[in-house]
Amino acid sequence: MMGRLLSKMAFVRGLRFRFTVAIAIFVSLLLLVIGFFFRQRLEAVLEEQVRQVLDEEWAATKAYLIIHRREAEWRYDPEDAEETLIVKQLQRVYFCADEEGKILDVSPAFEDLGIFTPQQIRDALALNQPFWEERVSDFDAEPYIIRGGLFVDDDNRRYFVAIGKSAAESRRVLEEFTRTYFTILPFMILAGSLIGWFLASRAISPVHELAQAADRISGLNLSLRIPPRNSGDEIDHLIHTFNSMVERLESSFEMTRRFSADVSHELRTPLTSIRGQLEVALFTASTAEQYRDAIIDALEDVEKLGQTIRAMLLLSQAESGQLALQKSVVDLVPVVADIVDQFQIPAEGEQLTLTAEVEGPCWVEVDRIQIERMISNLLSNAVKYTKPGGSVTARCRAAAGQVVFEVQDTGVGIPPAALPHIFDRFYRVPGQKEKQGLGLGLSFVAWIAKAHGGHVEVDSVPGRGTRFIVRLPCAATPEPAVATAGASADQPRELS
């Protein structure tokens with residue numbers, strides 16, 4: 001019982017049912033308005049027809065009725081059947097009185113409608129225009145329309161004459177229309193409701209598809225998309241919004257899965273190494289010095305593990321949009337020069353020549369800490385993979401609305417097969433294991449460039465060197481005070 005009640009409530013609350021009810025109400029109101037409008041229009045047309053007939057009969061009355069010596073006479077040829085019929089028709093509902101209200105002639109049918117009082121006659125004559133009135137017969141309750149007006153005899157005396165015509169036929173036509181229309185009205189409403197039910201089904205079918213697709217979505221099939229109808233309506237907009245949401249979910253799930261896989265893969269080796277060192281010390285060490293060496297080696301691996309975890313968390317936050325950028329307008333030239341100076345000692349230790357070729361100023365709106373990380377990662381890679389006696393050059397210039405920063409080295413280069421993957425997390429170029437780090441530096445570079453509206457390009461020839469090119473949009477030249485502050489700001493650096 002409860003299940004049937006809940007099912008019925010769900011049906012009543014359904015969008016299709018409510019849409020159909022709304023259409024039924026709209027159709028009902030529309031048909032009612034149309035019915036009343038046409039009824040009023042038909043009533044006006046029928047009344048106008050009766051009045052036109054009365055105007056014609058009034059003209060005939062003026063032709064056949066003569067008032068002479070205060071007596072009303074109908075002058076026509078009794079032998080003429082047509083004239084006789086016309087006059088008899090005019091006399092059927094007829095009233096004649098002088099301006100004092102004295103009745104000269106009146107038909108029995110008019111007496112059933114009610115005799116005009118002297119005051120009514122004087123008021124009607126004072127109008128100096130046709131007099132119209134609707135009355136109901138006391139005998140058969142039929143409605144009549146009365147048309148009255150002024151008559152003048154040969155002596156210039158004024159009289160009031162009125163004729164009438166039954167409006168019963170017009171009323172019957174009107175009642176028949178009303179009865180017929182409101183008899184078929186429920187069937188028209190039912191037909192409209194059925195059409196509304198069908199249209200509602202067609203209209204909300206994409207919504208059902210959307211709901212069914214949402215039910216099928218899980219972490220294993222986020223590639224599901226609803227094909228657009230290309231109709232340009234709200235449903236298409238809803239489908240586009242839904243697909244965009246699923247794309248964002250898929251990207252988020254992919255980042256989560258990748259982070260989990262990266263953590264599992266990258267932490268397994270150092271943890272295994274730490275455990276092995278400690279187990280060896282536990283079972284083989286016999287002196288304090290041996291225990292000390294084992295602990296020191298384990299601590300070094302723990303430190304590397306901590307660096308890996310911190311770098312992975314930072315990159316994950318960056319790619320998921322949780323790392324907010326603190327942007328300001330700075331000149332990139334002094335930033336590049338400063339970081340190149342910092343790398344001079346490591347470069348000299350590797351017997352390399354490190355130079356900076358800058359053309360300034362190069363104004364960009366950036367997060368200075370992240371830009372310094374990007375420059376440092378590129379210089380660190382260049383120094384690491386360049387053999388003694390080689391050179392590393394950092395360049396910075398403004399060109400065509402962009403600031404172009406380059407790091408070029410004469411190092412070992414990158415094989416063509418590896419170029420599409422070098423910005424992937426934890427990717428390491430095969431054959432360079434002795435100098436490989438965490439594999440996150442270039443991933444940071446790609447994210448930082450993208451986060452600032454730019455991109456990274458790479459050219460490399462194995463054995464001859466590599467060139468990384470970062471293109472960033474130029475910023476408007478700031479006021480002098482702002483420019484000085486941006487160029488000389490002493491901000492802490494967090495370099496990976």
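Up top you'll find the structure we're talking about.
Reading the values: rules and limits
- Residues numbered from 1 in each chain as written.
- Predicted model: local features only at pLDDT ≥ 70, side-chain atom pairs only at ≥ 80, totals over all residues.
- Heavy atoms only, no water.
- Pairing = 2+ DSSP bridges.
- Helix = DSSP H or I, 4+ residues; strand = E, 2+ residues; numbered from the N terminus.
- Salt bridge = Lys/Arg side-chain N within 4 Å of Asp/Glu carboxyl O.
- Buried < 20%, exposed > 50% of the residue type's maximum accessible area, 1.4 Å probe, protein only.
- Axes fitted to C-alpha atoms, helices over the stretch in contact; angles between N-to-C directions.
- Polar contact = N/O pair within 3.5 Å; in protein donor to acceptor, adjacent residues only side chain to side chain.
- Contact = heavy atoms within 4.5 Å.
- Patch = residues over 30% accessible without salt bridge, like charges linked within 9 Å, V, L, I, M, F, W, Y side chains within 5 Å.
- Areas by Shrake-Rupley, 256 points an atom, 1.4 Å probe, with all protein chains shown as cover.
- Parallel < 35°, antiparallel > 145°, perpendicular 65-115°, else oblique.
- Left-handed = near helix turned anticlockwise from the far one by under 90°.
- Core = buried A, V, L, I, M, F, W, Y, C linked by side-chain atoms within 4.5 Å.

**Some remarks on the pairing of strand S11 (residues 391–399)**
Here is step 1: Looking at chain direction, strand S9 (residues 353–358) and S11 are connected through 6 bridges and run parallel. Looking at the pairing, Val358 lines up with Cys396 of S11.
Here is step 2: Where S11 lies against strand S12 (residues 402–409), 8 bridges are found, and the strand directions are antiparallel. Bridging across to S12, Val392 finds its partner in Asp409.
Here is step 3: The hairpin turn running from S11 into S12, its antiparallel successor, is 2 residues long, and Ala400 in that turn takes a positive phi close to 55 degrees.

**Here's the deal with the pattern of salt bridges**
Opposite charge on two side chains lets them pair, provided their charged atoms get close.
Here is step 1: Per the counting criterion, the structure on display carries 19 salt bridges.
Here is step 2: Among the ionic pairs, Arg147 bridges to Asp55, the shortest N-O distance being 3.4 Å. Taken as a pair, Arg147 in strand S6 (residues 143–152) and Asp55 in helix H2 (residues 15–64) lie far apart in primary sequence, 92 residues in all.
Here is step 3: Given the relative accessible area of 35%, Asp55 is considered partly exposed.
Here is step 4: The partner of Arg75 in a salt bridge is Glu73, and the shortest N-O contact between them spans 3.7 Å.
Here is step 5: Using a relative accessible area of 29% as the deciding quantity, one classes Glu73 as partly exposed.

**Brief notes about the sheet that holds S11**
Here is step 1: Ordered by their spatial adjacency, 5 strands build an open sheet running S9-S11-S12-S14-S13, and the pairing between neighbours is mixed. Of all strands in the sheet, those bounded by a partner on one side alone are S9 and strand S13 (455–461). If you compare each strand with its neighbour and ignore which way they point, the axes differ by 10 degrees on average.

**Section: the side chain of Glu406**
Here is step 1: Structurally, Glu406 can be placed in strand S12.
Here is step 2: In terms of polar contacts, Glu406 uses its side chain to reach the side chain of Arg397, at 3.1 Å.
Here is step 3: Excluding its chain neighbours within four sequence positions, the residues that come into contact with Glu406 are Thr393, Ala394, Arg395, Arg397, Arg467, Phe468 and Ile469.

**Let's talk about the environment of Val335**
Here is step 1: Looking at the secondary structure, you find Val335 in helix H9 (residues 332–342).
Here is step 2: Judged by relative accessible area, Val335 falls into the buried class, the value being 2%.
Here is step 3: In this structure the C-alpha to C-alpha distance between Val335 and Ile375, which are 40 residues apart in sequence, comes to 9.0 Å.

**What to know about the side chain of Asp153**
Here is step 1: Assignment of secondary structure puts Asp153 in the loop between S6 and strand S7 (158–166).
Here is step 2: We classify Asp153 as buried; its relative accessible area is 7%.
Here is step 3: Engagement of the side chain of Asp153 in a polar contact is seen with the backbone nitrogen of Asn156, the distance being 3.0 Å.
Here is step 4: A polar contact of 2.7 Å, which involves the side chain of Asp153, links it to the backbone nitrogen of Arg157.
Here is step 5: Once you skip the residues sitting within four places of it in the chain, Asp153 turns out to touch Ile67 and Tyr159.

**Here we look at a nonpolar patch on the surface**
Here is step 1: A cluster of nonpolar residues, Phe26, Leu30, Ile34, Phe37 and Phe38, forms a patch on the protein surface that exposes about 500 Å² of accessible area.
Here is step 2: Structurally, Phe38 is set in helix H2.

**A short note on the packing of H9 against helix H11 (residues 368–384)**
Here is step 1: Direction vectors running N to C along H9 and H11 enclose 45 degrees, while the axes themselves pass 10 Å from each other. With respect to each other, H9 and H11 are oriented oblique. Between H9 and H11 the crossing geometry is right-handed. On H11, the residues touching Leu332, Val335, Val336, Ile339 and Val340 of H9 are Arg368, Ile371, Glu372, Ile375, Ser376 and Leu379.

**Quick word on the nonpolar core**
Here is step 1: Formed by 41 residues in total, the largest nonpolar core has its most connected members in Leu332, Ile375, Leu379 and Phe405.
Here is step 2: Counting residues per element, the ones that place at least two in this core are H9, strand S10 (363–367), H11, S11, S12, helix H12 (441–451), S13 and strand S14 (465–473).
Here is step 3: It is H11 that contributes the most residues to this core, 7 residues altogether.
Here is step 4: If you look at the next biggest cluster of nonpolar residues, it comprises 18 residues, including Leu65, Ile67, Leu90 and Ala167.

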